[in-house]
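# Topology and contacts: notes
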Amino acid sequence: MDMFSIGCILAEIFSDRVLFDLSGLLHYKDGSKATNLASQLKQIDNETVRELVANLTSLAPASRKSCEAVLSEQRGNLFPAYFDKLYGLMRTLVRLPPDAKILYLAQELNQYLPLLLEENPRGVLILLTMITSSLRSLMHIHCKIEAQRLICRLVASEPASLSPFVTDRLIPYLASCLQDGDHRVRGEAVLSMTHLLEQVTRPPPSDNNLFTDYLLEILVKEVASDKSTYVRLCLARCIGRLSQLALHFLNQSVDHNYDEELSLLHNYFQNLVSQLLTDSNNCVRRTLLMTPENCSHLCTFFGQQKTNEVIVSHIITFLNDKVR
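An account of the accompanying structure is given in this report. Bear in mind that the values here come from a model prediction, so they are computed numbers and not experimental data. (Residues numbered from 1 in each chain as written. Predicted model: local features only at pLDDT ≥ 70, side-chain atom pairs only at ≥ 80, totals over all residues. Heavy atoms only, no water.)

## Quick word on a nonpolar patch on the surface
Put simply, the rule reads: Like-charged residues within 9 Å of one another, or nonpolar side chains (Val, Leu, Ile, Met, Phe, Trp, Tyr) within 5 Å, are grouped into patches, provided each residue has over 30% relative accessible area and no salt bridge. Per-residue and other accessible areas were derived by the Shrake-Rupley procedure at a 1.4 Å probe size, with only the shown protein chains allowed to occlude residues. Salt bridge, as used here, is a side-chain nitrogen of Lys or Arg placed within 4 Å of a carboxyl oxygen of Asp or Glu. Per the convention used, a helix needs a DSSP run of H or I reaching at least four residues, while a strand needs a run of E reaching at least two, with both numbered from the N terminus. With a 1.4 Å probe rolled over the protein chains alone, any residue whose accessible area is under 20% of its type maximum counts as buried; one over 50% counts as exposed, and the rest are partly exposed.
A cluster of nonpolar side chains, Ile9, Ile13 and Phe14, forms an exposed patch at the surface whose accessible area comes to about 300 Å². Examined against the element boundaries, Ile13 turns out to sit in helix H1 (residues 2-15). A relative accessible area of 60% places Ile13 in the exposed class.

## Points about the nonpolar core
Definition in use: Nine residue types can take part in a nonpolar core, namely buried Ala, Val, Leu, Ile, Met, Phe, Trp, Tyr and Cys, and a core is a set of them joined through side-chain atoms within 4.5 Å. Contact definition: two residues touch when any of their heavy atoms are within 4.5 Å.
Ranked by size, the top nonpolar core spans 81 residues in total, and within it Phe211, Leu235 and Phe269 carry the most contacts. It is helix H15 (residues 229-251) that contributes the most residues to this core, twelve residues altogether. With near-sequence residues (within four places) excluded, Phe211 lies in contact with Leu197, Leu216, Leu242, Leu245, Ala246, Phe249 and Leu265. In this structure, Leu10, Leu37, Val49 and Leu78 belong to the second largest nonpolar core, which totals 18 residues.

## Digging into the environment of Ser72
Along the polypeptide, Ser72 turns up in helix H5 (residues 67-74). Its relative accessible area of 46% is what places Ser72 among the partly exposed residues.

## Side note on the packing of aromatic side chains
Just so we agree on the cut-off: Only Phe, Tyr and Trp rings are paired, with Trp represented by its six-membered ring, and only when their centres lie within 6.5 Å; those with planes under 30 degrees apart are stacked, over 60 edge-to-face, the remainder tilted.
By the definition in use, this model includes five aromatic pairs. Ring centres 5.5 Å apart and planes at 75° place the aromatic pair Phe211 and Phe249 in the edge-to-face group. You can see Phe211 sitting in helix H14 (residues 210-223) and its partner Phe249 sitting in helix H15, a full 38 residues away along the chain. Taken individually, Phe211 and Phe249 each receive the classification buried, so the pair is uniform in this respect. An aromatic cluster is present here, built from Phe79, Tyr82 and Phe83 joined pairwise through their rings.

## Here's the deal with the environment of Ala11
Here Ala11 shows up in helix H1. Measuring from C-alpha to C-alpha, the distance between Ala11 and Ile44 comes to 7.2 Å, with 33 residues separating the pair along the chain.

## Brief notes about the environment of Leu233
When you line up the elements, Leu233 lands in helix H15. Residues within four places of Leu233 in sequence aside, it is in contact with Cys283, Val284 and Thr287.

## Details of the side chain of Ser58
Tracing the backbone through its elements, the reader meets Ser58 in the loop between helix H4 (47-56) and H5. Dropping the residues within four chain positions of it, Ser58 is found in contact with Phe4, Tyr28, Ser63 and Arg64.

Keep in mind these numbers describe shape, not what the thing actually does.
So, in structure tokens, the structure goes:
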């Protein structure tokens, strides 16, 4: 019975449709829906999965393969070879509290990451899911920062395979860290989000307006006006890279509202840059203007006219500041 259930689940995963409802299951048991099942199995593109589901959903329980037999036959095929070792890791992690999970994973990552990357880099998503599921329950500052760095390290290990999952699976969790009570965690979130977005090679069309619809509103309201100088320093350090990322995301769009979205981006970044360049702390202003790539990126982003209005107008004031 358990193997029959597994067969139904595999069919639903690979065909994106339910194999049986209750009445269909009863008819199938009576033998009147066998032809219908065969047509449904044709919806599964993967031949290996199709044959496996057909076996596991056999009417005769004795003809269904055992779990051990399926795992043995499909090791390295349907089920990656790293599943055996990864199972031991996951079995340990699920028994640990959130903070201990992060510390244990950080310690053992070098043992498992090469196995995942060698066979199927998307297997890293299993580890990423474990981290993000624990992120909001972490208690210690070190663990919160370590979790963000682990996410960045995992994505950077194979950006070509993992970049499609950055915007919807990872960025929302890091954005929630911007509301953490500790300034070090909030600052790390700014750095981590910037690093992750740089790994996105080709944003999905649905995420072209990620900056205007989501991120920039958060950065303007929560980060640029943060009480902690450290958090504002992190934003000032990343602002040029963020402007290029926003432009990159927008340039993937074929939307007829491109000019309107670009104008909106300019307004948001003008607001951000103005806040940082008029910051009460000299270090924030100096970080923005003296970080090597910031000025060149921002000038490219704004164009000549807005560069004169937004950046050059503050240069004289910056030069007159006394070093403290």
